[in-house]
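What follows is the residue order along each chain.
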Amino acid sequence: MIAVNNLSKKYGSNKVLDIAELDIPKGESFGLVGNNGAGKTTFFSLLLDLIRPTTGNIKNNEIVVNESEDWKPHTSAFIDESFLIGYLTPEEYFYFIGELRGRNKADVDALLSKFEDFFHGEILGQKKYLRDLSKGNQKKAGIVASFIGDPELIILDEPFANLDPTTQIRLKQIIKELARDKDVTVLVSSHDLSHVTEVCERIVVLNKGEIVRDIRTSQETLQELETFFAG
Amino acid sequence: MLKHFISLQWKSFFRSASFQTNVALKILMAFGALYFILVFVALGAGSYYLIEDSLKVKPFDLINRFLIYWVVFDLVIRYFMQKMPVVNIKPLLYLPFKKGNIVNFTLGKTVLSFFNIIHAFFFLPFSVVLVIEGFPVLNVVSWHLAIFALIYANNFINILVNNRDVLFYSIVGILVILGGLQYYGYFDVTDYTAPFFNLMYEQPVFAVLPWVFLIALYFISFNYFKKHLYLDAGLSTKQSEAKTEDLDWLNRFGNLAVFLKNDIKLIKRNKRSRTTVIMSVLFLFYGLLFFTDSIEAYDAPVWKVFAGIFVSGGFLFTFGQFVPSWDSAYYPLMMSQNIRYKEYLDSKWYLIIMATIASTIISSFYIYFGWEAYVAILVGAIYNIGVNSYLVLWGGAYIKTPIDLTTNKKAFGDSQAFNVKTLILTLPKLGLPLVVYAIGHYTINSTAGFILVALTGVLGFAFKNIVFNKIESIYKQEKYKTIAAYKQKN
């Protein structure tokens, strides 16, 4: 699904990302961990063609992302609040994304009904614009919006941050369910090692822009990661 | 304590993003400020003699008559442009400052605002002239101080009524009605207000009144803010109740409807964009300056086309100029969603076209000034639709200023929006139609001039696809720079 080839990103002489090779097969649930400044968000931004690579490229479904826009229909993401439209109500926002992805209101409503638990009655019908919701609730709306339109690739940057414990547990279930679907590739980054080890089949550790670990998740993974980051 | 506040203020000023623009801009802004100061000083010094010579009335009486409009208009300007002082005090709340100090400082800060100082540049020279002309010093000083107090009273009134639209628009409404009544000679409010201002001069004791008013206002503001110095009260931004809207009637525009619906919500629900639309309505009346022959310099025939472009193109210039910055807050979403640039641009284009047509229809009242006036507007509209609509979208690709939709800050001209590329693009927007008209007008006649300008517009319209492809590729080229620029909040 994703093929990274000689990818690097420099700001001036400061190299923030340098990945020679990385392959993420279709259907995998992929976790990216690393400290602040490790290059997680940079990698996702490159994947979404929001910044230009210094060298190399990323292929999404055989499409080089900075050359063609054809990856857009099957890719969705929630990186930060700049993916939300503040002056819309959550419903309007969902319908807007739905329309962009070729889904009508009924389709979107059907999808949203599956997330009633996750929303916990705080998103729909609140008579509030997105900009007036709390950070956590904004995040919920953004994450669910990225599920609209049956995307094949879902990219979530720090989805667990700012969420309350109940919502974190529900989000883990949702991501696990997505991971079971062999047509959907999920990319998740997080600072919380236990969350990623729980939901991801494979975990890659970035440190100062380079891949330092590439682990198939197992019983020992959490231990291994904790040792790495403690060191 | 004051030392801390002042050093914070100092840093926030010199480290602000807008201050760190390039030197050329700073010089330009300094010249701009200087220009206004000079104009005010010149008016202050010269208006006495000007009024005496040209209008043959007593200048001081006339000024006193119209002072009420000055004061109210000042309030209007402030409402739109003066920034509220309350935003930056959040981080100070939990620190060991007395609340009274914080409030005093933030209110005190507004005293130094440009909107207060600028008046001094008019009234100081004017008062000096009065003294030179033999008006008694004591009386002039009392009059001067009274006005000074009223201007500052405006400062605090503005703080108190901040964001209360109903109040504000009723003030504007009353002003317009009074002005209208006076113009047509039905009722002259200045008959009642002029004696008040005269009193300030004739009986210096009464100049105390505005000062009492000012001090009272200060204490009211002080108490109000002290009482409301909580994050969920005076300092919070108001949340209006949101209503989900369908706007299904726009679905007839097919794919474009998605964006059109969004743009209409954008305009309706954000303060900054609403202000823009109000401004574009004001453009409708700009033509009055030209077609009523009130300003001699505008009597040359080419200016009619100039007026036509502005009257029909208010929305085009005020809104269109800032595409795609309107979407700056969520530009990364737009860039990673399933969106074709062409559709995105097309929807903005349709919005501009619809607004231009609406302005043209509304401005049909110019027929009152003769058919030629309206023909100029029609021709201007055709040129706007056929040529300028592309040019604003094109120019927008280079304006990489993020727009904060929720405040009016910088709604009137943005320093960063002003760069060489956009400047060059204004030439064909305004200059070209004038040149084209002039060619027709001076070689054949005015009708030929109008026809030539209209033809240019139609010609531009015919090349829509080619031009759009070009603009699309420019947007793509600028994409990364634009995303990066929008990330930088001021």
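Procedures and definitions
- Residues numbered from 1 in each chain as written.
- Chains lettered and ligands numbered in written order.
- Predicted model: local features only at pLDDT ≥ 70, side-chain atom pairs only at ≥ 80, totals over all residues.
- Heavy atoms only, no water.
- Helix = DSSP H or I, 4+ residues; strand = E, 2+ residues; numbered from the N terminus.
- Rg over C-alpha atoms; globule rule 2.2 N^0.38 Å.
- Buried < 20%, exposed > 50% of the residue type's maximum accessible area, 1.4 Å probe, protein only.
- Contact = heavy atoms within 4.5 Å.
- Areas by Shrake-Rupley, 256 points an atom, 1.4 Å probe, with all protein chains shown as cover.
- Lys, Arg positive; Asp, Glu negative; His and termini not counted.
- Charge placed at Lys NZ, Arg CZ, Asp CG, Glu CD.
- Buried area = accessible area lost by both parts, 1.4 Å probe.
- Salt bridge = Lys/Arg side-chain N within 4 Å of Asp/Glu carboxyl O.
- Nonpolar A, V, L, I, M, F, W, Y, C, P; charged D, E, K, R; others polar.
- Polar contact = N/O pair within 3.5 Å; in protein donor to acceptor, adjacent residues only side chain to side chain.
- Axes fitted to C-alpha atoms, helices over the stretch in contact; angles between N-to-C directions.
- Parallel < 35°, antiparallel > 145°, perpendicular 65-115°, else oblique.
- Left-handed = near helix turned anticlockwise from the far one by under 90°.
- Pairing = 2+ DSSP bridges.
- Patch = residues over 30% accessible without salt bridge, like charges linked within 9 Å, V, L, I, M, F, W, Y side chains within 5 Å.
- 1 Å grid on protein atoms, 1.4 Å probe; cavity = no way out; pocket = protein on both sides within 12 Å on 5 of 7 lines; lining within 4 Å.
- Points joined across faces, edges and corners; volume = space filled by probe spheres on them.
- pLDDT = per-residue confidence, 0-100.

An unreviewed UniProt entry annotates chain A as ATP-binding cassette domain-containing protein originating from Leptobacterium flavescens.

This next bit is on the overall build of chain A. Tallying secondary structure elements over chain A gives eight helices and 10 strands in all. By the compact-globule yardstick of 17 Å for 231 residues, chain A fits well, its C-alpha radius of gyration being 17 Å. In chain A, which comprises 231 residues, the proportion classed as buried is 57%. Considering only contacts within chain A whose residues lie at least 6 apart along the sequence, 66% involve residues at least 24 apart. If you sum the accessible surface of chain A, you get close to 9,800 Å²; carbon and sulfur atoms cover 44% of it. When the 27 basic and 36 acidic side-chain charges of chain A are each reduced to a single mean position, those positions are 3 Å apart.

Contact with chain A, which involves 33 residues of that partner, is made by 37 residues of chain B. Taken over both partners, the interface formed by chain A and chain B buries close to 3,300 Å², and the fraction arising from carbon and sulfur atoms is 51%. On inspection of chain A and its partner chain B, the count reaches five salt bridges. For A:E69, the salt bridge identified is with B:K476, shortest N-O distance 3.5 Å. Of all the elements, helix α2 (residues 90-100) of chain A adds the most residues to the side of chain A that touches chain B, at seven residues. Within the side of chain A that touches chain B, the residues separate by chemical class into 15 nonpolar, four polar and 14 charged.

Turning next to the side chain of A:S189. Residues and elements named next belong to chain A. Mapped onto the elements, S189 comes out in strand β8 (residues 185-190). Given the relative accessible area of 0%, S189 is considered buried. A polar contact of 3.0 Å, which involves the side chain of S189, links it to the backbone nitrogen of E158. Contact partners of S189, with chain neighbours within four places excluded, come to L32, K40, F44, L156, D157, E158 and P159.

The interhelical angle for the contact between α2(A) and helix α10 (residues 256-269) of chain B, taken along N-to-C directions, is 155°, at an axis separation of 10 Å. Relative to α10(B), the element α2(A) lies roughly antiparallel. Between α2(A) and α10(B) lies a crossing whose hand is left-handed. Here A:E92, A:F96, A:E99 and A:L100 of α2(A) come into contact with α10(B), specifically with B:V258, B:F259, B:K261, B:N262, B:K265 and B:R269. Within the contact of α2(A) with α10(B), the residues separate by chemical class into four nonpolar, one polar and five charged.

For the rest of this paragraph, the subject is the sheet that holds strand β5 (residues 63-64) of chain A. Residue and element names in this part refer to chain A. Strand order across the open sheet formed by four strands is β2-β1-β4-β5, with antiparallel pairing between neighbours. Single-partner strands in this sheet number two, and they are β2 (14-24) and β5. Inspection of the sheet shows strand β4 (residues 55-60) paired to β5 by two bridges, in the antiparallel sense. Bridging from a neighbouring strand, K59 pairs with V64 of β5.

Residues and elements named next belong to chain B. A cluster of nonpolar residues, Y35, F36, V39, L43 and F114, forms a patch on the protein surface that exposes about 490 Å² of accessible area. The element that contributes the greatest number of residues to the nonpolar patch is helix α2 (residues 23-55), accounting for four residues. Mapped onto the secondary structure, F114 falls in helix α5 (residues 114-132). F114 sits in the partly exposed class, given a relative accessible area of 45%.

Next up on the list: the environment of B:G440. All names here are of chain B. When you line up the elements, G440 lands in helix α18 (residues 420-443). Through-space distance from the C-alpha of G440 to that of I451 is 8.1 Å; in sequence the pair is 11 residues apart. Discounting chain neighbours no more than four positions away, the residues touching G440 are N445, A448, G449 and L452.

This next bit is on empty space enclosed by the protein. What the rule picks out here adds up to six cavities of 30 Å³ or more. Estimated volume of the largest cavity: approximately 120 Å³. Where the lining of the largest cavity is concerned, the elements lending two or more residues are α2 of chain A together with α10 of chain B. Considered class by class, the residues forming the lining of the largest cavity number four nonpolar, two polar and seven charged. Here the second largest cavity is characterised by a volume of approximately 60 Å³. Taken together, B:L75, B:V76, B:Y79, B:N158, B:V161, B:L167, B:F168, B:I171 and B:V172 make up the lining of the second largest cavity. The residue inventory of the lining of the second largest cavity, partitioned by class, reads eight nonpolar, one polar and no charged.

Residue and element names in this part refer to chain B. Contact pair α5 / helix α6 (residues 137-161): the axes reach a minimum separation of 10 Å and the direction vectors enclose 165°. Considering their axes alone, α5 and α6 lie roughly antiparallel with respect to each other. Considering only the axes of α5 and α6, their crossing is right-handed. In this structure, α5 contributes N116, H119, F123, L124, F126, S127, L130 and V131 to the contact, and α6 contributes V137, V140, W143, H144, I147, I151, Y152 and N155. Across the contact of α5 with α6, the residue classes break down as 11 nonpolar, five polar and no charged.

For the rest of this paragraph, the subject is the sheet that holds strand β3 (residues 29-33) of chain A. All names here are of chain A. One open sheet holds the six strands; their spatial order is β6-β7-β8-β3-β9-β10, and the pairing between them is mixed. This sheet does not close on itself; its edge strands, each paired only once, are β6 (75-78) and β10 (210-216). Mean inter-strand twist for the sheet, computed between neighbouring axes without regard to direction, equals 15°. Here helix α6 (residues 165-180) sits on the sheet and contacts β3, β7 (153-157) and β8; the angle it forms with β8, its principal contact strand, is near 145°.

Looking down a regular strand, the side chains alternate between one sheet face and the other. Residue and element names in this part refer to chain A. Relative to β2, strand β1 (residues 2-11) runs antiparallel, the two sharing nine bridges. Counterpart to Y11 in the pairing with β2 is N14. The hairpin turn running from β1 into β2, its antiparallel successor, is two residues long, and G12 in that turn takes a positive phi close to 65°.

So, on to the confidence of the model for chain B. Residues and elements named next belong to chain B. When pLDDT is averaged across chain B, the result is 80; 86% of the residues are at 70 or more. This stretch, residues 410-418, has a pLDDT under 50; its non-local contacts, to residues over four places away or in other chains, come to 22 contacts. Predicted complex metrics record ipTM = 0.88 and pTM = 0.75.

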